[in-house]
Amino acid sequence: MAKKGVKIIVVGGGLAGAMAAIKVAESGYDVDLVALLPVKRAHSVCAQGGINAALDTMGEGDSIWEHFDDTIYGGDFLANQELPYQMTKAAPGIIMMFDRMGVPFTRTSEGRLDARRFGGTKKRRTYFSGASTGQQLEYSLDEQLRRLEAGNIFGAGKLTKYEYFDFQSVVMDSNGVARGIIALNLKNMTLQIMKADAVLLATGGPGMIYGKSTNSIENHGTGAGAILAQGGYYANGEFIQIHPTAMIGDDKLRLMSESARGEGGRIWVPKDKFNKTAPEDIPEKDRDYFLERMYPAYGNLVPRDVASRAIFQVCVDENSGINGERKVYLDLTEKATGIPEERLRKRLGAIVEIYEKFAGDNPAKKPMIIYPGIHYSMGGIWIDYNHMTSIPGVFAAGEADYQYHGANRLGANSLLSATFGGLYAAPKIVEYVEKLPTLSSTTSDSIFQSELKRVESLYDGYKKSAGSENVFQIFDEMGEIMSTYVHIVRTEEGLKKAEVELQKLQERYKSIGLNDKKFGNYNLELQMSYHLGLMLNMARVITKGALLRKESRGSHFRRDFTERNDDEFLKTTKAKIGSNGEPIIEYEDVDIKYIKPRKRDYTKDK
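Remember, predicted model here, so these are calculated numbers, not experimental data.

Draft legend 1. Region of the structure containing the pattern of salt bridges. Under the counting rule described, the total for this entry stands at 60 salt bridges. For Glu292, the salt bridge goes to Arg266, with nearest N and O atoms at 2.9 Å. Of this pair, Glu292 sits in helix α7 (residues 290-294) while Arg266 sits in strand β14 (residues 266-270), and the two are 26 residues apart along the sequence. We classify Glu292 as partly exposed; its relative accessible area is 28%. The residue Glu492 makes a salt bridge to Arg558 at a minimum N-O spacing of 2.6 Å. In this pair, Glu492 is assigned in helix α15 (residues 492-509) and Arg558 in the loop between α16 (524-548) and α17 (566-569), connecting sequence segments 66 residues apart. The exposure class assigned to Arg558 is buried, which follows from its relative accessible area of 0%.

Draft legend 2. The arrangement of the packing of helix α1 (residues 15-26) against helix α12 (residues 414-434) in detail. It is at 7 Å that the axes of α1 and α12 come closest, and there the two elements cross at 30 degrees. With respect to each other, α1 and α12 are oriented roughly parallel. Two packed elements cross with a definite hand, and for α1 against α12 that hand is right-handed. Of the residues in α12, those in contact with Leu15, Ala16, Met19, Ala20, Lys23 and Val24 of α1 are Leu415, Ala418, Thr419, Gly422, Leu423 and Ala426. Considering only residue class, the contact of α1 with α12 consists of nine nonpolar, two polar and one charged.

Draft legend 3. Looking closely at the sheet that holds strand β4 (residues 115-116). Taken in spatial order, the three strands line up as β3-β5-β4 in an open sheet, and their pairing is antiparallel. Edge positions in the sheet fall to β3 (51-52) and β4, since each of these pairs with one other strand and no more. One ladder, built from two bridges, connects β4 with strand β5 (residues 126-127); its direction is antiparallel. Within β5, the residue paired with Ala115 across the bridge is Tyr127.

Draft legend 4. Seen up close, the sheet that holds strand β9 (residues 190-195). The three strands are arranged β7-β8-β9 in an open sheet whose pairing can be described as antiparallel. Each end of this open sheet is capped by a strand with a single partner; those strands are β7 (165-172) and β9. Direction aside, neighbouring strands of the sheet carry axes that sit 25 degrees apart on average. Direction of pairing for strand β8 (residues 178-185) relative to β9: antiparallel, over a ladder of six bridges. Residue Asn185 lies in a different strand from β9, and its bridge partner there is Thr190.

Calculation rules
Residues numbered from 1 in each chain as written. Predicted model: local features only at pLDDT ≥ 70, side-chain atom pairs only at ≥ 80, totals over all residues. Heavy atoms only, no water. Salt bridge = Lys/Arg side-chain N within 4 Å of Asp/Glu carboxyl O. Helix = DSSP H or I, 4+ residues; strand = E, 2+ residues; numbered from the N terminus. Buried < 20%, exposed > 50% of the residue type's maximum accessible area, 1.4 Å probe, protein only. Axes fitted to C-alpha atoms, helices over the stretch in contact; angles between N-to-C directions. Parallel < 35°, antiparallel > 145°, perpendicular 65-115°, else oblique. Left-handed = near helix turned anticlockwise from the far one by under 90°. Contact = heavy atoms within 4.5 Å. Nonpolar A, V, L, I, M, F, W, Y, C, P; charged D, E, K, R; others polar. Pairing = 2+ DSSP bridges.

Structural data, given as structure tokens:
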């Protein structure tokens, strides 16, 4: 029976947060779900390609162990192995759970769950719903949240949604134990106390630190940034996934899912980079399908870090991109793939529609133009095997935590890790609150008021600031620095340059001035002022971690240290912010109890 008087807050309405909120409520506890946006607009809806599980519905002899090995191998052995092992074991059941919830998974003509290949694997284990899988999974969980929100379910706790609420900080008592949060109500820009006996942060990744990414513009990663600012650890920040196939736009990057290659899409450049023939009319003999040439065993389905570096090599090092620019073709035409347009639209409809809308071309008729773009952070808030952060009572799940992917994430493991993280963290939270000697309801009100006043003083400072620096200008420059020096290929010189430039931005940040002085309703400039300080901290942590990691592993590639160095760097990076505001880097050994490290080589089968 649930312990009386307990309240749990889940911050974030994506797959991880929604799943955790459902399971905690089903355990009998009241849950406040605090979300920056309506749950059905959480960033999980943007995932296109599918979710991995070794169900072997395609009869290829797939197994949980092979899925686990692909995950660890694909992550270049940097992931602690226990939780990924538990995740891959749970994956088939998760697919069945979503199927029972009514997710319209794509099926074969015989009615079996269909699956496609994704990068870094030889098996078809990615289950999908056309090319809008994340949306379908998220909507199914939102239905369950609404059921719990309505109440009258025997034994379940009451679930209350607080949408358009922006998490600011954790309230901690004198022992450093979490007792709630401070949140900003975006409708009236007021800060308020929300008491809780445990907090789960499922606040997503930090893609917007790079300015342009495939992420939502709300993915500033400052749930993790707040933990950093309050003395917690951030782990493996330097491992940022650059997705090989993004549509480059003036406003943002748009993901062209790995499912395009999973269905047979091919990446190439003309052998003559200045060939003016329409790409669909360039004959095969004049095309360089360079991934197939470089990596014959996996071809276009090498993992994302490998594909992104290959595209960089072709476009930058060899200056062989389309017209000598940083562009390559992703070809889904029937001529290149043998896929009829009707089948393409059925299985990849969302991708086709997005490209048609923003590029004006039909990918079934004309090859898409793409280049790698910032996509996902393997790093995140440091958590233990119970999903608890270094702050007692604060848990993390989804892209906000670091445990599952090591140095590179396999495509379609993100929806899986987010769902599993929520499922796994929920009972750990219940175990934690049931052992608490005192509850937030009995905590002195002065504890809450003190943290509220601290955050209010920051906002008062922004409101009264009369400096000359523009918040959005600093934000844009931060993105430019990170995209220039901390991207696909890194060097000592470039990372040191980034450190210097980021420190300059932090100094300029102290002199910001707001142009929008209307604070009674939603004020993006005021909201961004708070987040920008946290984002600059995180940018410093990412950069310093990359500078000190003198090796190449997964998504972290150093031109000056091109080999993996297990002797010195088979370690988790743990970063915190020192009392002087500077990043402090520590290291922690990686758990390799199931699979011992071996060379990662996609030119041949494992």
